[in-house]
Amino acid sequence: MVDSTDAVLAFLAAALVAWATVPLAERFAIRVGAIDEPGPRSQHKVPTPRMSGLAILAGIEIAGWIWLPGNSETTAILLGAVAVAIVGALDDIFDLPALVKLLGQIVAATIPVAAGVRPDVLTLPFIGGFDLGWTACPLTVIGIVAVINIVNLMDGIDGLAAGVVVIASAAMAIIALSLERYEAGLLAAVTAGGALGY
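Scoring rules and cut-offs
- Residues numbered from 1 in each chain as written.
- Predicted model: local features only at pLDDT ≥ 70, side-chain atom pairs only at ≥ 80, totals over all residues.
- Heavy atoms only, no water.
- Axes fitted to C-alpha atoms, helices over the stretch in contact; angles between N-to-C directions.
- Helix = DSSP H or I, 4+ residues; strand = E, 2+ residues; numbered from the N terminus.
- Parallel < 35°, antiparallel > 145°, perpendicular 65-115°, else oblique.
- Contact = heavy atoms within 4.5 Å.
- Nonpolar A, V, L, I, M, F, W, Y, C, P; charged D, E, K, R; others polar.
- Left-handed = near helix turned anticlockwise from the far one by under 90°.
- Buried < 20%, exposed > 50% of the residue type's maximum accessible area, 1.4 Å probe, protein only.
- Polar contact = N/O pair within 3.5 Å; in protein donor to acceptor, adjacent residues only side chain to side chain.
- Patch = residues over 30% accessible without salt bridge, like charges linked within 9 Å, V, L, I, M, F, W, Y side chains within 5 Å.
- Areas by Shrake-Rupley, 256 points an atom, 1.4 Å probe, with all protein chains shown as cover.
- Salt bridge = Lys/Arg side-chain N within 4 Å of Asp/Glu carboxyl O.
- Expected span 1.5 Å × (residues − 1).
- Arc of directions from axis to C-beta.

1. Here we look at the packing of helix H3 (residues 72–94) against helix H4 (residues 98–114)
Consideration 1: Running from N to C, H3 and H4 point in directions that differ by 170 degrees, and their axes come no closer than 7 Å. By the criterion of interaxial angle, the relationship of H3 to H4 is roughly antiparallel. Across from Ala76, Ile77, Leu79, Gly80, Ala83, Val84, Val87 and Asp91 in H3, the residues of H4 making contact are Lys101, Gly104, Gln105, Ala108, Ile111 and Pro112.
Consideration 2: Its residues assigned to classes, the contact of H3 with H4 comprises nine nonpolar, three polar and two charged.

Have a look at this one:
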């Protein structure tokens with residue numbers, strides 16, 4: 001059974017793997033020409049390799065496959081993360097058209113949703129909970145795609161997107177673990193670790 005100790009170990013492992021693989025991801029980015037040139041959307045003063053997110057992915061995937069429970073939902077989450085990273089890497093290299101990138105993100109978000117990763121009930125403060133019914137799947141896909149793009153839009157300054165992900169994921173991990181939702185806490189801890197390692 002997963003517990004808080006596993007979450008801490010997974011967090012540290014994800015951070016270490018991400019930290020160790022950043023130079024490899026940057027060398028790969030230089031080799032394939034995925035360089036962020038200084039410009040209006042970028043705060044970089046010098047050309048900067050774009051694909052360091054692959055190091056974050058490596059940390060999350062390695063720690064995730066080791067510590068997360070081996071069920072269809074967690075497998076789909078980890079595979080969906082790979083799919084999102086592939087879309088992002090292709091965009092870094094080829095500057096994909098917005099519609100192509102959006103379709104790729106929707107396909108990637110559908111992977112975990114198709115495996116059952118979705119809320120059946122939505123609870124709002126002061127209102128209470130209500131059953132989402134058939135809207136649970138499309139709303140979850142929309143939510144995942146929205147978060148992908150929010151993080152992507154913050155990615156013009158070194159460390160900004162990763163820093164926000166560390167803070168949000170660490171907070172989610174602490175809350176989930178305190179509520180004894182160990183699998184959710186572990187997944188958030190792995191995500192925080194991967195982003196911190198970057």
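2. Comments concerning the packing of helix H1 (residues 4–32) against helix H2 (residues 53–67)
Consideration 1: With their axes 6 Å apart at the nearest point, H1 and H2 run at an angle of 145 degrees to one another. The element H1 and its partner H2 pack so that their crossing is right-handed. The segment H1 lies against H2, with Asp6, Leu9, Ala10, Ala13, Ala14, Val17, Ala18, Thr21, Val22, Ala25 and Phe28 engaging Leu54, Ala55, Ile56, Ala58, Gly59, Ile60, Ile62, Ala63 and Trp67.
Consideration 2: Grouping the constituent residues of the contact of H1 with H2 by class yields 17 nonpolar, two polar and one charged.

3. Points about the side chain of threonine 140
Consideration 1: Turning to its location among the elements, threonine 140 is positioned in helix H5 (residues 136–153).
Consideration 2: Of the residues examined, threonine 140 reaches a relative accessible area of 12% and is grouped as buried.
Consideration 3: At a separation of 2.6 Å, a polar atom in the side chain of threonine 140 contacts the main-chain carbonyl oxygen of alanine 136.
Consideration 4: Among residues more than four places away in sequence, those in contact with threonine 140 are Val113, Val117, Arg118 and Pro119.

4. Section: the side chain of aspartate 91
Consideration 1: For aspartate 91, the location among the structural elements is in helix H3.
Consideration 2: Exposure remark for aspartate 91: the relative accessible area of 11% places this residue in the buried category.
Consideration 3: Residues in contact with aspartate 91, not counting those within four places in the same chain, are Arg50, Leu96 and Lys101.

5. A short note on a nonpolar patch on the surface
Consideration 1: Judged by side-chain polarity, Leu122, Leu124, Phe126, Ile127 and Phe130 come together as a nonpolar surface patch covering roughly 570 Å² of accessible area.
Consideration 2: In this structure, leucine 122 sits in strand S3 (residues 121–124).
Consideration 3: Classification of leucine 122 by relative accessible area gives partly exposed; the value is 34%.

6. Points about helix H6 (residues 160–178)
Consideration 1: Helix length check: H6 (19 residues) gives 27 Å between terminal C-alpha atoms against 27 Å at 1.5 Å per residue, within 8%.
Consideration 2: Here H6 has its buried residues at Ala161, Ala162, Val165, Val166, Ser169, Ala173, Ala176 and Leu177. In a view along the axis of H6, the buried residues occupy a sector of 130 degrees, so they form one face of it. For H6, exposure combined with an orientation more than 90 degrees from the buried face picks out Ile167, Ile174, Ile175 and Ser178.
Consideration 3: Those residues of H6 that are buried lie in contact with H1, H5 and helix H7 (182–197).
Consideration 4: The positive-phi residue at the C-terminal boundary of H6 is glutamate 180, with phi of around 60 degrees.

7. Here's the deal with unusual backbone geometry
Consideration 1: Non-glycine residue aspartate 95 carries a positive phi angle of around 50 degrees.
Consideration 2: On the secondary structure map, aspartate 95 appears in the loop between H3 and H4.
Consideration 3: Backbone geometry places phenylalanine 126, a non-glycine residue, at a positive phi of 70 degrees.
Consideration 4: Examined against the element boundaries, phenylalanine 126 turns out to sit in the loop between S3 and strand S4 (128–131).

Remember, this is a structural readout, not a statement about activity or role.
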